[in-house]
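# Reading the structure
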Amino acid sequence: MLFKEVAGVNDVKDKLRFAIDGNHVAHAQLFFGPEGSAKLGLALAYITYLNCLQPIDNDACGTCSSCHKMSKWIHPDVHFIFPTAGAKKESDKPQLLKEWRKFLLEMPYSNLSDWAAFCAAENKGMSIGVEESRAVMKLMHLKAFEAKYKSVIIWYPELMNSSASNALLKILEEPAPKTIFILISQNPDQLLLTIKSRVQALFIRPYEDDEVYDFISQDLSIVNSRLPQIVRLAEGNLNLALALAQEVEDDKQKIFRDWMLFSYKNDFINLSKYSDTFNSLGKESQKNVINYGLSIIRMCLLVKYSEQVNESLKEGEKDFISKFSAFVHLKNIDIIIEKLNEFQNVLARNANTKIAFFHCSVQLGKALRLPKE
Ligand SMILES: [Zn+2]
């Protein structure tokens, strides 16, 4: 992860870069701050920048051999200690590490519950045992393979049990040269005082509203009219903002699915209710639902005729497309696309939305019921 890929907090990034550029890299650091702040992302960007072979424009280059490995979290000199549910068998560890790397790539603003859900574990049983800690700390006494520094990122160090905490304390008391520990904590008060006294602490502030707005609005598929509400509810928690934005996405998907189903069935009672729902969405959201629909129709054809599945699709979407593609074929696809485009044009002319919705639904229903042959 590069600094420029971490949302906002430019002031904090400057501080971190300044320390590295000035060669003031503390051997043990604590990044602490509230949920949904940039703690983890900044730690990842910090280590990436530190190990980059040819940094440019105040950031890691993203292309050197070190950056390449860091982009997948497979650098042999960078280790992670993170909470897991109970002791893991040696044979389970490679799979767990694979999931952890995927989690880092996909959800760097997440919290412990997200990780528990991601790796299908019980949230309440998550902790860091002494085994995980010892295994990594042993490695720290070896020379770095290729990086300038050997690094360990400890996520939720407050969840280390007492043996693990003591093992960490021991290594912090006798640091090996060119090693760095970054502890990323949400509740630093729960750390041993002896550990806290040995780390350089940096508060990672919550996000400002405009930073949340900028980051969320980069995803153009999110309905803009809901953005201010998301930003307000998130209160600087980017993780929450992303979850709320996802709900908006899910709403959009649900509306399109139901709309197609009711149209296909000629279910006028539900279509009448949905014409109210659609009318209340606002222009931009209406446009979003139609554009989403058009992209789904195109994907249905791809799945049907080339068996290509877009990997970025979510599970629910894949499922919907595989079912819906049974009703989209070469005899009706042009008509469906034409009707959706016509509807979009009518809406742009400020026509009566409810009547236009109803009219479009009847036409779509007819097209969806056309036989394939
Ligand atoms: Zn690089």
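For the structure itself, consult the block above.
The paragraphs below set out a description of the structure included in this document. (Residues numbered from 1 in each chain as written. Predicted model: local features only at pLDDT ≥ 70, side-chain atom pairs only at ≥ 80, totals over all residues. Heavy atoms only, no water.)

## Some points on the packing of aromatic side chains
Filter applied, for reference: Pairing of aromatic side chains requires ring centres within 6.5 Å, counting the rings of Phe and Tyr and the six-membered ring of Trp. Pairs whose planes differ by under 30 degrees are stacked, by over 60 edge-to-face, and all others tilted. Only DSSP runs of H or I covering at least 4 residues are called helices, and only runs of E covering at least 2 are called strands; the numbering of each starts at the N terminus. The cut-offs for exposure are 20% and 50% of the maximum accessible area for each residue type, with area from a 1.4 Å probe on protein chains only; residues under the lower value are buried, those over the upper are exposed, and the others partly exposed. In our convention, an over-ring charge means Lys NZ or Arg CZ found within 6 Å of a ring centre and within 35 degrees of that ring's normal.
Counting across every chain of the model gives 31 aromatic pairs. Ring plane angle 70° and centroid distance 6.4 Å describe the contact between tyrosine 109 and tyrosine 207, whose orientation is recorded as edge-to-face. Of this pair, tyrosine 109 sits in the loop between helix 4 (93–106) and helix 5 (112–118) while tyrosine 207 is found in the loop between strand 7 (200–203) and helix 9 (209–217), placing the two residues 98 residues apart along the sequence. Here the two residues tyrosine 109 and tyrosine 207 agree in accessibility, since each one is buried. Through a chain of ring-to-ring contacts, the aromatic side chains of Trp73, Phe80, Phe82, Trp100, Phe103, Trp115, Phe118, Trp155 and Tyr156 assemble into a single cluster. Positioned above the aromatic ring of phenylalanine 3 is the side chain of arginine 17, whose terminal nitrogen or guanidinium carbon lies 5.2 Å from the ring centre.

## With respect to the environment of glutamine 186
Inclusion rule: Working rule for contacts: check all heavy atoms of both residues, and any pair within 4.5 Å makes them a contact. Residues adjacent in sequence count toward polar contacts only when both atoms are side-chain atoms; beyond that, a polar contact is any pair of N or O atoms within 3.5 Å, and within protein one must be able to donate a hydrogen and the other to accept it.
Along the polypeptide, glutamine 186 turns up in the loop between strand 6 (179–185) and helix 8 (193–196). On the accessibility criterion, glutamine 186 (24% relative accessible area) is partly exposed. Measuring from C-alpha to C-alpha, the distance between glutamine 186 and aspartate 11 comes to 20 Å, with 175 residues separating the pair along the chain. Leaving out residues up to four positions away in the same chain, glutamine 186 has contacts with Gly33, Pro34, Glu35, Lys39, Tyr156 and Glu158. Polar contacts involving the side chain of glutamine 186 include one to the side chain of tyrosine 156, which spans 3.2 Å.

## So, the coordination of the zinc ion
Test applied: A donor here means any N, O or S atom no more than 2.8 Å from the metal (3.2 Å for Na, K and Ca); water is not included, so a site may seem to lack partners. A four-donor site is called tetrahedral if each angle lies between 85 and 135 degrees; a four-donor site is square planar, and a six-donor site octahedral, when trans pairs exceed 155 degrees and the remaining angles lie between 65 and 115; all other cases are labelled irregular.
Protein-derived ligands of the zinc ion are Cys52 (SG), Cys61 (SG), Cys64 (SG) and Cys67 (SG), with the metal-ligand distances lying across 2.3 Å. Relative to the metal, the four donor atoms surrounding the zinc ion lie at angles of 104 to 119°, and the coordination shape comes out tetrahedral. We note that the donor set of the zinc ion lies within a single chain, spaced as C-x8-C-x2-C-x2-C. As far as the burial class goes, cysteine 61 and cysteine 64 line up, both buried.

## A word on unusual backbone geometry
Keep in mind that most residues, glycine aside, have a negative phi and that most peptide bonds are trans. With phi around 40°, valine 9 is a residue other than glycine that occupies positive phi space. If you trace the backbone, valine 9 turns up in the segment before helix 1 (10–21). Of note, asparagine 23 is a non-glycine position whose phi angle comes to about 65°, a positive value.

It is worth stressing that arrangement in space is one thing and function is another; only the former is reported here.
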